[in-house]
Amino acid sequence: MTITGEVGARSARGDVAPAVVARGLTKVYGQGDAAVHALRGVDVAFSTGAFTAIMGPSGSGKSTLMHCLAGLDTVSAGRVHIGDVELTGLGDKQLTLLRRERIGFIFQAFNLLPTLTAEQNIRLPLEIAGRQADQELFDRVVETVGLRDRLAHKPTELSGGQQQRVAVARALISKPQVIFADEPTGNLDSRSGTEVLSFLRTSVRELGQTIVMVTHDPVAASYADRVVFLRDGLLVSELAQPTPQSVLDTLMRLEA
């Protein structure tokens, strides 16, 4: 069920406000005849402590939506809130601080520093922010993603799936309000992808994390609690408790 209403509206999970809210979100690239309308007034909210996937045909605006929600791209019109903070209108320094303190990122490329060990890569965001890791949380995150025996290894000594698990742990360790994942299994084989998706789902169930993931893969989307679908820059459908088949069926209808 789509969560509608003002930013203060309560989510479907009770009295907890949504983690992310967009209202009238519009993004236009270029001008005049060359203008491309990537988003056309999208209204959407993402529940706190839930795993949501964003899907749609190629060119539907799904990556643009995530980038605008995460403050990685500017909006042409509309508003975006992360919790009680409105992103739209923030200056560069304020956006950088907000992304550092409230947002985690997982990308298709693992983006690990090759000279650091797995543990050092995990702790890096906290080091940059001048914060100490909560050791209990660190231990829980490491156990959740199954890296206890790989902490001393450098990225070149890890498989692709293990490197992405390091990236997941790095995103979790700063206790962000929301994690945005952009095709997190795109560079992985099916077994490693399944492992990473399982860890993401476990982090929602056991750590109360909020995750918003862009994917083109119906199987990946089936790990989410909810899937929202875009077409031509518009939010056109959604599924609760998705299965690979229900996601595929919806995508086929959208592309027909």
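Nothing here was measured: the structure is a model prediction, and the numbers come from that model. (Residues numbered from 1 in each chain as written. Predicted model: local features only at pLDDT ≥ 70, side-chain atom pairs only at ≥ 80, totals over all residues. Heavy atoms only, no water.)

Draft legend 1. Expanded view of the overall build of the protein. Helix and strand counts for the protein stand at 8 helices and 10 strands. For the protein, the C-alpha radius of gyration of 18 Å lies close to 18 Å, the compact-globule estimate for 256 residues. Looking at the protein residue by residue over its 256 residues, the buried ones come to 50%. When the accessible surface of the protein is totalled, it reaches about 11,700 Å², and 49% of it is carbon and sulfur. Taking the average place of the 26 positive charges on the side chains of the protein and the average place of its 28 negative ones, the gap between the two points comes to 2 Å. (Helix = DSSP H or I, 4+ residues; strand = E, 2+ residues; numbered from the N terminus. Rg over C-alpha atoms; globule rule 2.2 N^0.38 Å. Buried < 20%, exposed > 50% of the residue type's maximum accessible area, 1.4 Å probe, protein only. Areas by Shrake-Rupley, 256 points an atom, 1.4 Å probe, with all protein chains shown as cover. Lys, Arg positive; Asp, Glu negative; His and termini not counted. Charge placed at Lys NZ, Arg CZ, Asp CG, Glu CD.)

Draft legend 2. Representation of the pairing of strand E2 (residues 36-46) within the structure. When strand E1 (residues 20-29) meets E2, the two strands line up antiparallel, connected through 8 bridges. Across the sheet, lysine 27 pairs through a bridge with leucine 39, a residue of E2. Where E1 folds back onto E2 in an antiparallel hairpin, the turn is made up of 6 residues, including glycine 30, whose phi is positive at roughly 80°. (Pairing = 2+ DSSP bridges.)

Draft legend 3. Quick look at unusual backbone geometry. If you check the backbone angles, aspartate 232 has positive phi at about 55° while not being a glycine. Its location among the elements puts aspartate 232 in the loop between strand E9 (226-231) and strand E10 (234-240). With phi around 50°, glutamine 241 is a residue other than glycine that occupies positive phi space. Mapped onto the elements of the fold, glutamine 241 is located in the loop between E10 and helix H8 (244-255).

Draft legend 4. Looking closely at the pattern of salt bridges. Scanning the model with the defined rule gives 9 salt bridges in all. One salt bridge connects aspartate 225 with arginine 205, and the closest N-O pair in it is separated by 3.0 Å. Here the residue aspartate 225 occupies a position in the loop between helix H7 (218-221) and E9, and arginine 205 occupies one in helix H6 (residues 190-207), the gap between them amounting to 20 residues. Exposure remark for aspartate 225: the relative accessible area of 10% places this residue in the buried category. A salt bridge links arginine 226 to glutamate 238; the nearest nitrogen and oxygen atoms lie 2.9 Å apart. Placement of arginine 226 in strand E9 and of glutamate 238 in strand E10 is noted, with a sequence separation of 12 residues between them. (Salt bridge = Lys/Arg side-chain N within 4 Å of Asp/Glu carboxyl O.)

Draft legend 5. Quick look at the environment of alanine 220. Among the secondary structure elements, alanine 220 is positioned in helix H7. Of the residues examined, alanine 220 reaches a relative accessible area of 1% and is grouped as buried.

Draft legend 6. Examining helix H1 (residues 62-69) more closely. With 6 of 8 residues buried, H1 is to be regarded as a mostly interior element. For H1, the full list of buried residues reads Lys62, Thr64, Leu65, Met66, Cys68 and Leu69.

Draft legend 7. Spotlight on the packing of helix H5 (residues 160-173) against H6. It is at 9 Å that the axes of H5 and H6 come closest, and there the two elements cross at 20°. Overall, the two elements H5 and H6 adopt an arrangement that is roughly parallel. Seen from above, H5 lies across H6 with right-handed handedness. Residues Gly161, Gln164, Arg165, Val168 and Leu172 of H5 form the contact with H6, whose own contacting residues are Ser192, Glu195, Val196, Phe199, Leu200, Ser203 and Leu207. Split by residue class, the contact of H5 with H6 holds 6 nonpolar, 4 polar and 2 charged. (Axes fitted to C-alpha atoms, helices over the stretch in contact; angles between N-to-C directions. Parallel < 35°, antiparallel > 145°, perpendicular 65-115°, else oblique. Left-handed = near helix turned anticlockwise from the far one by under 90°. Contact = heavy atoms within 4.5 Å. Nonpolar A, V, L, I, M, F, W, Y, C, P; charged D, E, K, R; others polar.)

Draft legend 8. Representation of the side chain of serine 174 in the model. Within the fold, serine 174 resides in the loop between H5 and strand E7 (178-182). Given the relative accessible area of 9%, serine 174 is considered buried. Residues in contact with serine 174, not counting those within four places in the same chain, are Leu126 and Arg131.

Draft legend 9. Spatial organisation of the sheet that holds strand E8 (residues 211-214). Spatially, 6 strands are ordered E6-E7-E8-E3-E9-E10 in an open sheet, and the strand pairing comes out mixed. Lying at the two open borders of the sheet, with one neighbouring strand each, are strand E6 (103-106) and E10. Put simply, the sheet's adjacent strands are angled 20° from each other on average, direction ignored. Across 4 bridges, the pairing between strand E3 (residues 51-55) and E9 is parallel. Each bridged residue has a counterpart across the sheet, and for isoleucine 54 the counterpart in E9 is valine 228. Sitting on the sheet, H8 is in contact with E3, E9 and E10, with an inclination near 15° to E9.

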